[in-house]
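Chain by chain, the residues:
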Amino acid sequence: MLDLLSLFSTSFLSSTILPGGSEALLLYLTQTSTYSLIALWVIASVGNTLGGLTNWLLGRYLYRFKEHRLFPISSTQLNKATHFFHKYGTASLLFSWLPIIGDALCILAGVSRVRLFIFFVFVLFGKSARYAILLLGVEYL
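This text gives an overview of the structure that appears in the document. (Residues numbered from 1 in each chain as written. Predicted model: local features only at pLDDT ≥ 70, side-chain atom pairs only at ≥ 80, totals over all residues. Heavy atoms only, no water.)

Looking at the overall build of the chain
Across its full length, the chain carries six helices and zero strands. The N-to-C order of helical and strand elements in the chain reads α-α-α-α-α-α. Computed over the C-alpha atoms, the radius of gyration of the chain is 16 Å, within 12% of the 14 Å expected from 2.2 N^0.38 for a compact globule of 141 residues. For the chain, with 141 residues in total, the buried portion stands at 34%. Intrachain contacts of the chain at a sequence separation of at least 6 include 74% that bridge at least 24 residues. Split by element, the accessible area of the chain, about 8500 Å² in all, is 71% carbon and sulfur. (Helix = DSSP H or I, 4+ residues; strand = E, 2+ residues; numbered from the N terminus. Rg over C-alpha atoms; globule rule 2.2 N^0.38 Å. Buried < 20%, exposed > 50% of the residue type's maximum accessible area, 1.4 Å probe, protein only. Contact = heavy atoms within 4.5 Å. Areas by Shrake-Rupley, 256 points an atom, 1.4 Å probe, with all protein chains shown as cover.)

Have a look at this one:
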C-alpha cells in the first residue's frame, strides 16, 4: 500500500509546478511490486491529473493578482501566453503531460477560465494516455 501512496504522491507532485518525475517510480514498481499494471496506471493517472488540477486552480486564483508588482510574469507575457492558449484551444491540454509546458498549459487554462469538466476530461485523457503508452512499452518490450 505504501508503494501506491508513493506513486500517487510522486505523480501528483510531478504534475504541479514542483519538479519531479513519476515515470521512474512507475517503471520501478512495474518490476518490483505485486500490483497490476492497471492499478499502477490508474493511481499514476489520477495523481498526475489532480496535480494538473492544482495548477488550474493556481491559474484561476492567482490571475486576480496580475497587476501586482510581484506577479511572476509581465502583462505582455501573460497576454501572449493567453493568446497562444486561445489560439490552440482546450485540445492543447492533451499535452499537459509535457514537462514545464504542461504546467503552463494547466495554469493558462485556469487563467482562461476553462470549465472544470472540460479541463478534467482533456487532462485526464492526455496524462492517462502517456502512462498507458509507457506501461505498454514495459509489457511488450
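Topic: the pattern of salt bridges
For the coordinates displayed, the defined rule picks out one salt bridge. In this structure, the salt-bridge partner of Glu-23 is Arg-130, at a minimum N-O distance of 2.6 Å. With Glu-23 in helix α2 (residues 22–32) and Arg-130 in helix α6 (residues 116–140), the pair connects residues that are 107 residues apart, well separated along the chain. By relative accessible area, Glu-23 is classed as partly exposed at 28%. By relative accessible area, Arg-130 is classed as buried at 14%. (Salt bridge = Lys/Arg side-chain N within 4 Å of Asp/Glu carboxyl O.)

Comments concerning the packing of aromatic side chains
Under the defined criterion, the tally for this structure stands at four aromatic pairs. Ring plane angle 65° and centroid distance 5.6 Å describe the contact between Tyr-61 and Phe-65, whose orientation is recorded as edge-to-face. What makes Phe-65 partly exposed here is its relative accessible area of 37%. Sitting over the face of the ring of Tyr-131, Arg-130 holds its NZ or CZ atom 4.2 Å from the ring centroid. (Phe/Tyr/Trp six-rings, centres within 6.5 Å; stacked < 30°, edge-to-face > 60°. Lys NZ or Arg CZ within 6 Å of the ring centre and 35° of its normal.)

Brief notes about a nonpolar patch on the surface
A surface patch of nonpolar side chains, amounting to about 240 Å² of accessible area, comprises Ile-38, Val-42 and Val-46. Note on placement: Val-46 falls in helix α3 (residues 37–62). (Patch = residues over 30% accessible without salt bridge, like charges linked within 9 Å, V, L, I, M, F, W, Y side chains within 5 Å.)

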